[in-house]
Amino acid sequence: MSMTNKKTIEDVAVQGKRVLVRCDFNVPLKEGAITDDTRIVAALPTIQYLINNGAKVILCSHLGKPKGPSPEFSLAPVAARLSELLGKDVVFAADDNIVGENAQKAVAEMKDGDVVLLENTRYRAEETKNGEALSKEFASLADVFVDDAFGTAHRAHCSNVGVTQYVKDCVAGYLIQKEIQYLGNAVNAPVRPLVAVLGGSKVSSKISVIENLLDKVDKLLIGGGMAYTFMKAKGYEVGDSLLEPDFIDYAKEMMAKAGDKLVLPVDTVIGKEFDNDTETKIVPEGGIEAGWQGLDIGPKTVELFSDILKTAKTVVWNGPMGVFEMPNFAKGTNAIAQVLATLEDATTVIGGGDSVAAVNQAGLGDKMTHISTGGGASLEYLEGKDLPGIAALNDK
Ligand code: ADP
Ligand code: MG
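Residues numbered from 1 in each chain as written. Chains lettered and ligands numbered in written order. Predicted model: local features only at pLDDT ≥ 70, side-chain atom pairs only at ≥ 80, totals over all residues. Heavy atoms only, no water.

**Student:** Tell me about the sheet that holds strand β12 (residues 267–271), residues and numbers included.
**Tutor:** As summarised here, the arrangement of the three strands in space is β13-β12-β14, forming an open sheet in which the pairing is antiparallel. Of all strands in the sheet, those with a lone pairing partner are β13 (280–284) and β14 (293–297), marking the two edges. Strand-to-strand twist across the sheet, computed as the mean angle between neighbouring axes with direction ignored, equals 40°. Where β12 meets β14, four bridges bridge the pair, whose relative direction is antiparallel. Paired with G271 across the bridge in β14 is Q293. Each of β12, β13 and β14 is contacted by helix α9 (residues 299–309), which is oriented at about 40° to β14, the strand it contacts most. (Pairing = 2+ DSSP bridges. Helix = DSSP H or I, 4+ residues; strand = E, 2+ residues; numbered from the N terminus. Axes fitted to C-alpha atoms, helices over the stretch in contact; angles between N-to-C directions. Contact = heavy atoms within 4.5 Å.)

Structure, rendered in structure tokens:
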């Protein structure tokens, strides 16, 4: 794929240029206050680089899903927080048209090294339809376009895809560069052995990931809710466990194709109810009784998966091993996170919203080589799809 060969901010001249940066400032807000500024902090390296190199830095992002202009979705609080983090003025271009008179005026007044933040790109409905007018308006502010919003890279919107049709230099910021480097290399040019760990609730939502990865990995470990459809396909009863009957044949096909590449749980923690405090038992393969459901992988499976993971040089993990939101069924997921954290010369890449949450909940986020910032986008990357937001950037 050409996706790994994109120009970055270091490949273009930015001094004195108006540089429009599509950021991911989709932060959680409570009564107008930012409750988690991780995404703003993550955007700092790109912004700081552009400031240091004398660009006029024009930032844009969506925030939530507003239906037209509405104050509770304004990016004004982001401008204030960003200004604190950068230790310099960030001019907020309040403007219901996003690129209206006020924004144009703010940009016209910029000096090299100044920072302007535009209003929420979703104040206009055309944004998510990749409309021409708004795309051209964004482009009218930019000599150079930088995309640093991986979380929306799987969508074609005006502010990440449309705009690139009207700007000559379109490049990746540091965040997208890092995602391409780690996700791209893990899947397309891995140091082997490459082991993928897949879990989560449904086979149906991960079919394309399984298919794409099966050809590339040395081992594919399957846990979580999706494992029961495979167990059923092997001929075992799975009680009240998550099961997708329509995908049993598919699971059979995958098992036949994969041979011993595909590794399933050898024991299961089952519970009476879908409840943290329910009665539990650990049962071997094929031992899930009627009236019980599988809620986590068992200790023998943890051991089996750990032994395989310890041989890996690259690990890609998507999907928790059990219902990790309930402490009593988070043990398998935590144990796998712990193993990854102790791998010394392996690249460990975590993608998927819940998997990232699980790793962070275990306090092991900083022990992983790369934690993807985009749930949906990382999933589509693992499916082998071209992400429109990345495909639109210039090749080296
Ligand atoms: P990701 O967001 O990392 O891609 P998914 O969204 O596919 O992961 O799956 C996460 C969900 O899967 C979690 O909410 C978790 O509780 C659920 N899950 C994992 N194992 C089981 C299980 N055995 N039974 C029911 N749900 C499960
Ligand atoms: Mg999820």
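Alright, that's what it looks like, and here's the rest.
**Student:** Describe the sheet that holds strand β11 (residues 262–263), listing the residues and the values that go with them.
**Tutor:** The strand order across the open sheet built from six strands is β11-β10-β9-β15-β16-β17, with neighbouring strands paired in parallel fashion. Either end of the sheet is taken by a strand with one partner, and the two such strands are β11 and β17 (370–371). Pairing between strand β16 (residues 347–350) and β17: two bridges, direction parallel. Within β17, the position partnered with V349 by the bridge is H370.

**Student:** Residue-level account of a negative patch on the surface, with values.
**Tutor:** A cluster of acidic residues, E211, D215, D249 and E253, forms a negative patch at the surface. Its location among the elements puts D215 in the loop between α6 (207–214) and β10 (219–222). With a relative accessible area of 57%, D215 lands in the exposed category. (Patch = residues over 30% accessible without salt bridge, like charges linked within 9 Å, V, L, I, M, F, W, Y side chains within 5 Å. Areas by Shrake-Rupley, 256 points an atom, 1.4 Å probe, with all protein chains shown as cover. Salt bridge = Lys/Arg side-chain N within 4 Å of Asp/Glu carboxyl O. Lys, Arg positive; Asp, Glu negative; His and termini not counted. Charge placed at Lys NZ, Arg CZ, Asp CG, Glu CD. Buried < 20%, exposed > 50% of the residue type's maximum accessible area, 1.4 Å probe, protein only.)

**Student:** Can you tell me about the packing of aromatic side chains, naming the residues and giving the values?
**Tutor:** Evaluated as defined, the whole model comprises two aromatic pairs. Consider the rings of Y49 and Y174, whose centres lie 5.7 Å apart with planes at 90°: the pair is edge-to-face. Placement of the pair is Y49 in helix α1 (residues 38–52) and Y174 in helix α5 (residues 174–188), with a sequence separation of 125 residues. Measuring from centroid to centroid gives 6.5 Å for F150 and Y381, while their planes differ by 35°, and the two rings are tilted. Pair noted here: F150 is in the loop between β7 (144–147) and β8 (169–172) and Y381 is in helix α12 (residues 375–382), with a separation of 231 residues, a long-range link. What makes F150 buried here is its relative accessible area of 1%. (Phe/Tyr/Trp six-rings, centres within 6.5 Å; stacked < 30°, edge-to-face > 60°.)

**Student:** Summarise the side chain of T164; cite the residues concerned and give the values.
**Tutor:** By the secondary structure assignment, T164 is in the loop between β7 and β8. Given the relative accessible area of 13%, T164 is considered buried. At a separation of 2.5 Å, a polar atom in the side chain of T164 contacts the main-chain carbonyl oxygen of V161. What T164 contacts, discounting residues up to four positions off in sequence, is F145, C170 and A392. (Polar contact = N/O pair within 3.5 Å; in protein donor to acceptor, adjacent residues only side chain to side chain.)

**Student:** Run through α9, naming residues and quoting values.
**Tutor:** Residues of α9 that are buried include every one of T301, V302, F305, S306, I308 and L309, and no others. Down the axis, α9 shows its buried residues gathered within 160° of arc, on one side only. Structural note: α9 exposes K300 and E303 on the side pointing more than 90 degrees away from its buried face. (Arc of directions from axis to C-beta.)

**Student:** Can you lay out α6 for me, pointing to particular residues and giving the numbers?
**Tutor:** Here α6 lies mainly inside the structure; six of its eight residues are buried. Listing the buried residues of α6 in full gives I207, V209, I210, N212, L213 and L214. Each element contacted by the buried residues of α6 is listed here: α5, β9 (194–198), β10, α7 (227–233), α8 (248–258) and α12.

**Student:** Got a sec to walk through the site of ligand 1? Specific residues and values, please.
**Tutor:** Around ligand 1, the surrounding shell holds 20 residues, and the nearest of these are K206, G322, E325, D354 and S355. Between an oxygen atom of ligand 1 and a main-chain N or O atom of G353, the distance comes to 3.4 Å. Contact with the protein chains hides 85% of the accessible area of ligand 1, taken as 580 Å² for the molecule alone. Among the cavities detected, the one that contains ligand 1 is the second largest pocket. Of all elements in the fold, only β14 and α11 (353–361) reach the threshold of two or more residues within the shell around ligand 1. It is α11 that provides the largest number of residues to the shell around ligand 1, a total of three residues. Counted by class, the shell around ligand 1 contains six nonpolar, eleven polar and three charged residues. (Near = heavy atom within 4 Å. 1 Å grid on protein atoms, 1.4 Å probe; cavity = no way out; pocket = protein on both sides within 12 Å on 5 of 7 lines; lining within 4 Å. Sits in = over half its atoms within 2 Å of the grid points. Nonpolar A, V, L, I, M, F, W, Y, C, P; charged D, E, K, R; others polar.)

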